[in-house]
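Structural characterization, general
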Amino acid sequence: MTHFLNEAQSNTLLSRHGIPMIPYKIVHSPEQAQEAAGAMGGSLALKILSAHIWHKSEVGGVMLGVEPSQAGEAYRQLLTNVARLAPTVPLEGVMLSPMLFGGLELVLGLKKDPQFGFILLAGMGGLYLELYNDTAIRLAPVTLREARQMVAELKVKQIIDGSRGTVYDEEALLAAMVALSQLGEVLPELSEVDINPFFLFAQGQGAVGADALVGINKNEIEEEE
């Protein structure tokens, strides 16, 4: 049986293991949202926080491009949306994080196959994941060389290399891929990890995951105990 972490827990776990993730603040009231937004500054993303909601946009649980002065009202609107569309779901607060601009949206994933073990996935992400199905997979863990070979197989490699005018930070992507691929060795109870979108920025500016979902196999934890 798979138990999913909430997004904040997922982000923290991944960050601790070398995968760059977006900073965030958890708030529990409109007043806290307003205060946190003022400290962050700039345009914000507000997302409902719950381990029981995997697709937040389907229940009105995401608001993007929120200005700091609007954070309190955005908080109220999020809770109203979710109360209407998912009234029985337990909530754990609202997650504030800065909006990201100018990055290339990719996807990184790790999944435990019952026969082959952990499998690493990388490819074009965001809204284009299902549209283009541009992904590469390998058995995990992978070396830096294997990660580079995966990226070379992708159609989006041409964009990474500058076909649209911007050369993106491939080395940051490769480092994240290797770190994610090693996660199964450290945490064998993992069942899956999905980071989408994973923003890749211009060369020398790094990369960061904006949304993550981590699943844990509770049966394996219970057997170890």
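The following paragraphs examine the structure supplied in this document. Note that the structure is a prediction, hence the values are computed from the model and not measured.

**Some details on the side chain of Asp 134**
Tracing the sequence through the fold places Asp 134 in the loop between α4 (129-132) and β8 (135-139). The side chain of Asp 134 is buried and forms no salt bridge, while Lys 155, the nearest opposite charge, is found at 4.4 Å. Among the polar contacts listed, one links the side chain of Asp 134 to the backbone nitrogen of Lys 155, at a separation of 3.0 Å.

**Looking at helix α5 (residues 144-152)**
Turning to α5, its buried residues number three or more, namely Ala 147, Met 150 and Val 151. In a view along the axis of α5, the buried residues occupy a sector of 95°, so they form one face of it. Within α5, the exposed residues directed more than 90 degrees away from the buried face are Arg 145 and Ala 152.

**Digging into the packing of aromatic side chains**
For the structure on display, the rule yields two aromatic pairs. Residues Phe 199 and Phe 201 carry aromatic rings whose centres are separated by 6.3 Å and whose planes lie at 10° to one another, so their mutual orientation is stacked. Taken as a pair, Phe 199 and Phe 201 share a single burial class, namely buried.

**Here we look at the environment of Phe 201**
Note on placement: Phe 201 falls in the loop between β9 (190-200) and β10 (207-209). Not counting residues up to four positions away in its chain, the partners in contact with Phe 201 are Leu 100, Phe 101, Gly 102, Gly 103, Tyr 168, Asp 169, Gly 206, Ala 207 and Val 208.

**A word on the sheet that holds strand β2 (residues 25-27)**
On the basis of which strands lie adjacent, the open sheet formed by four strands has the order β2-β5-β3-β4 and antiparallel pairing. A strand with exactly one partner marks an edge of an open sheet, and here the two such strands are β2 and β4 (62-66). On average, each strand axis in the sheet is inclined to that of its neighbour by 25°, with strand direction left out of account.

Criteria and thresholds
- Residues numbered from 1 in each chain as written.
- Predicted model: local features only at pLDDT ≥ 70, side-chain atom pairs only at ≥ 80, totals over all residues.
- Heavy atoms only, no water.
- Helix = DSSP H or I, 4+ residues; strand = E, 2+ residues; numbered from the N terminus.
- Buried < 20%, exposed > 50% of the residue type's maximum accessible area, 1.4 Å probe, protein only.
- Lys, Arg positive; Asp, Glu negative; His and termini not counted.
- Salt bridge = Lys/Arg side-chain N within 4 Å of Asp/Glu carboxyl O.
- Polar contact = N/O pair within 3.5 Å; in protein donor to acceptor, adjacent residues only side chain to side chain.
- Arc of directions from axis to C-beta.
- Phe/Tyr/Trp six-rings, centres within 6.5 Å; stacked < 30°, edge-to-face > 60°.
- Contact = heavy atoms within 4.5 Å.
- Pairing = 2+ DSSP bridges.
- Axes fitted to C-alpha atoms, helices over the stretch in contact; angles between N-to-C directions.

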